[in-house]
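Spelled out from the first residue to the last, the chains are:
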Amino acid sequence: MYVADSRAVAPEAPATTPSADSAARPRAGRRRAAVAPTVLALGTVSLITDVSSEMVTAVLPLYLVAGLGLSPLGFGLLDGIYNGFSALVRLVGGHLADRGGGRHKWVAGAGYALSAACKPLLLVAQTLTPIGLVLAADRTGKGLRTAPRDALISLSSTPENRGRAFGVHRAMDTAGALLGPLVAFLILRATVDGYDAVFMVSFCVAVVGVLVLVLFVPGGAAAQAGAARVSDTGACAVRPSGTGAGVRPSDTGACAGSGAMSGPASDSGSGPAYGSRSESGVGSKSGSGAEPDPVTGAGAGAGASSGPAGLECATGAGAPAGPAPAPRPTLRAALALLHRPELRRIAVCALLLGLATVSDSFVFLLLQRRLGVPDRWFALLPLGTAAAFLLLAVPLGRLADRTGRWRVFVGGHGALLLAYALLLSSWQGTAAACAVLLLHGGFYAATDGVLMAAASDSVPTELRSSGLALVQTGQALARFVCSLGFGAAWTAWGDRTALTASAVLLALCAVLALGLRPIRPSVPSEGLV
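Note that the structure is predicted; figures quoted are calculated from it, not measured.

**Things to note about the environment of A333**
Piece 1. Positionally, A333 belongs in helix α11 (residues 331-335).
Piece 2. Looking at A333, the relative accessible area reads 30%, which means it is partly exposed.
Piece 3. Along the sequence, A333 and L463 sit 130 residues apart, while their C-alpha atoms lie 8.1 Å from each other.

Written out as structure tokens, the structure reads:
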């Protein structure tokens, strides 16, 4: 659906002196790249892994409640562990990935491998404590992989198409979520010991996902370099000193489109700033007519500066030959990100809204009770949510890029509130179930990837994994508390009272989120980050 990089490289032209306007225009034969190859590779890994994990998720509520006879409170505890335990290690995973100098891939791989190893252990866990330990280990793997994976997506995308990139990834991820329950349903229909077969097939599929990650996903540094290649910021105005041959932007990292930079392309934030307009062509003199200084590369006016290895690049201001190496990220620096007002508000809003987000498993159990769905059909209920998510993830991601990510994010919780209202209404029948599942899937499409895209705009590149993990940690902890509270309320007062309380709390939290919206709109900035 999306082509990662189909731009043709123009042949090297003879030595000429183009104008600044011609240097700022993209080369003929090039077209904008929509999604980087790293995003598509990670989408494939997530698709395969979600087939595995959703096979288990689709049958787990019925397996625990009907098969093992757990009470709603006991199930709420396990569901809270399943959905919230990853919060305890997400920040650790993000910090390890940031400190590793591009080891995002391997931290994520360790998480995928740990989750895969937990699938066959469900065969021997039959009571609350061992099941809880297995689910905790499985969610530890999810916590380790989520922030590094999202950081890879962010690093390999440009700000103006980051929402689309997350939308494409979430759409591929949801395609796996769509297939997983269907596979589980077919296995339950075809086998005698259906649950055991589901767990073993899930393990085999998860191993395939780990292999795809190892073989086809580049590391953090390679993904970041790929983003620099696929971004269409313009043609470079560089040439080797004393020669007339042109040099491609990918060879030097210097650019004179929307802005110009000397030295290699960098995301560290310590290099020259993007966005300074170039006022001179290749080999041209500075705006004042003075020659660049042979040592510093700075002209007398808005001059040209010298890049690495004798390359001259028009930047409009003097710049160092290359960016200074970024300091090694620390855990203190990661936690200090909460001092940024915009990121802090995003994290607080995600936490508040998570406190009123009833888990998928409880939503499906409520649907089954309302409609009397037979046990053998229960595994198909997640298909409705996954199908809506799959259809809406990319359009809502693009809408968030155009109109503002916060509006779409809060609007998604409005869709969830409508789903709660339908569950509490007297509307019966298949149409009511389809409407609830459509709104439920729309909620995830408008919030999951959009929240990460919004948070990415407020986090520096060198701490991207840690910053995203901070937001994810608060949200996951809130949902863990919600699962425990909802299970206890269901046990004490019944499912209808519990859902009514959650709906009221969600409405209040949505109003607070509107008041605590980020200081500046979460819209993409120009250039790379």
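Here the narrative resumes, following the displayed structure.
**As for the environment of A347**
Piece 1. With respect to the secondary-structure elements, A347 resides in helix α12 (residues 341-354).
Piece 2. On the accessibility criterion, A347 (12% relative accessible area) is buried.
Piece 3. Apart from residues lying up to four places away in sequence, A347 is in contact with L338 and V471.

**Comments concerning the packing of helix α2 (residues 37-67) against helix α7 (residues 162-190)**
Piece 1. Interaxial distance between α2 and α7 falls to 6 Å at its minimum, and their mutual angle equals 35 degrees. As α2 packs across α7, the resulting crossing turns out to be right-handed.
Piece 2. For the contact of α2 with α7, the class distribution of residues is 19 nonpolar, six polar and three charged.

**A closer look at empty space enclosed by the protein**
Piece 1. Within this structure, the stated rule accounts for eight cavities of 30 Å³ or more.
Piece 2. Computed from the structure, the largest cavity encloses a volume of approximately 1,000 Å³.
Piece 3. Surrounding the largest cavity, 43 residues form its lining, E54, K142, D360, Y444 and D448 being those nearest its centre.
Piece 4. Listing elements by their share of the lining of the largest cavity, those giving two or more residues are α2, α3 (72-84), α6 (128-155), α7, α13 (360-371), α14 (381-403), α16 (430-456) and α17 (464-493).
Piece 5. When grouped by side-chain class, the residues that make up the lining of the largest cavity number twelve nonpolar, 17 polar and 14 charged.
Piece 6. A volume near 60 Å³ is recorded for the second largest cavity.
Piece 7. Along the walls of the second largest cavity sit T57, L60, P61, L64, F75, L78, D79, Y82, L135 and S361, which together make up its complete lining.

**Details of α17**
One turn of the α-helix equals 3.6 residues, which is why residues spaced by three or four share an orientation.
Piece 1. In this model α17 runs 43 Å from its N-terminal to its C-terminal C-alpha over 30 residues, within 8% of the 44 Å that 1.5 Å per residue would give.
Piece 2. When you tally the buried positions in α17, you get 21 out of 30 residues, the bulk of the element.

**Quick notes on the pattern of salt bridges**
Note on pairing: side chains with opposite charge can pair once their charged atoms come close.
Piece 1. Overall, the coordinates contain nine salt bridges when judged by the stated rule.
Piece 2. As a salt-bridge pair, D150 and R170 come within 3.1 Å of each other at their nearest N and O atoms. Remark: R170 occurs in helix α7 and D150 occurs in helix α6; sequence separation between them is 20 residues. The burial state of D150 is the same as that of R170; both residues are buried.
Piece 3. Several salt bridges share partner residues, and in doing so they unite R149, D150, R170 and D448 into one network.

**Topic: the packing of aromatic side chains**
Piece 1. Under the definition given, this model contains ten aromatic pairs.
Piece 2. On the numbers, 5.3 Å between centres and 85 degrees between planes, the contact of F75 with F362 is edge-to-face. Of this pair, F75 sits in helix α3 while F362 sits in helix α13, and the two are 287 residues apart along the sequence. One exposure class covers both F75 and F362, and it is buried.
Piece 3. Look at W406 and F409: their rings are 5.1 Å apart centre to centre, the planes differ by 35 degrees, and that puts the pair in the tilted class. Remark: F409 and W406 occur in helix α15 (residues 405-424); sequence separation between them is three residues, near one turn of the helix. An identical accessibility class is assigned to W406 and F409; each is buried.
Piece 4. Here R189 stacks its cationic end above the ring of W377, 5.8 Å away from the centre of that ring.

**What about the nonpolar core?**
As a rule of thumb, soluble globular proteins bury nonpolar side chains together.
Piece 1. Grouped together as the largest cluster of nonpolar side chains are 109 residues, with contacts concentrated most on L64, L135, L367, V471, F486 and L499.
Piece 2. Of all the elements, α2 adds the most residues to this core, at 14 residues.
Piece 3. Leave out the neighbours within four places in its chain, and V471 touches L343, I346, A347, A350, L451, M452 and A455.

**Notes on a nonpolar patch on the surface**
Piece 1. On the surface, W106, V207, L211, V214, L215 and F216 cluster together to form a nonpolar patch covering roughly 630 Å² of accessible area.
Piece 2. It is helix α8 (residues 194-216) that provides the largest number of residues to the nonpolar patch, a total of five residues.
Piece 3. Along the polypeptide, W106 turns up in helix α5 (residues 104-118).
Piece 4. What makes W106 partly exposed here is its relative accessible area of 49%.

**Description of the state of the cysteines**
Piece 1. Inspection of the entire model under this criterion finds zero disulfides.
Piece 2. C482 provides the cysteine sulfur closest to C509, a residue in no disulfide bond, and the two sulfurs are 9.6 Å apart.

**Section: the confidence of the model for the protein chain**
Piece 1. Across the protein chain, the average pLDDT comes to 74, with 69% of residues at or above 70.
Piece 2. Across residues 230-322 the pLDDT falls below 50, and counting only partners more than four positions away or on other chains, this stretch makes 190 contacts in the model.

What counts, and at which threshold
Residues numbered from 1 in each chain as written. Predicted model: local features only at pLDDT ≥ 70, side-chain atom pairs only at ≥ 80, totals over all residues. Heavy atoms only, no water. Helix = DSSP H or I, 4+ residues; strand = E, 2+ residues; numbered from the N terminus. Buried < 20%, exposed > 50% of the residue type's maximum accessible area, 1.4 Å probe, protein only. Contact = heavy atoms within 4.5 Å. Axes fitted to C-alpha atoms, helices over the stretch in contact; angles between N-to-C directions. Left-handed = near helix turned anticlockwise from the far one by under 90°. Nonpolar A, V, L, I, M, F, W, Y, C, P; charged D, E, K, R; others polar. 1 Å grid on protein atoms, 1.4 Å probe; cavity = no way out; pocket = protein on both sides within 12 Å on 5 of 7 lines; lining within 4 Å. Points joined across faces, edges and corners; volume = space filled by probe spheres on them. Expected span 1.5 Å × (residues − 1). Salt bridge = Lys/Arg side-chain N within 4 Å of Asp/Glu carboxyl O. Phe/Tyr/Trp six-rings, centres within 6.5 Å; stacked < 30°, edge-to-face > 60°. Lys NZ or Arg CZ within 6 Å of the ring centre and 35° of its normal. Core = buried A, V, L, I, M, F, W, Y, C linked by side-chain atoms within 4.5 Å. Patch = residues over 30% accessible without salt bridge, like charges linked within 9 Å, V, L, I, M, F, W, Y side chains within 5 Å. Areas by Shrake-Rupley, 256 points an atom, 1.4 Å probe, with all protein chains shown as cover. Disulfide = S-S within 2.5 Å. pLDDT = per-residue confidence, 0-100.

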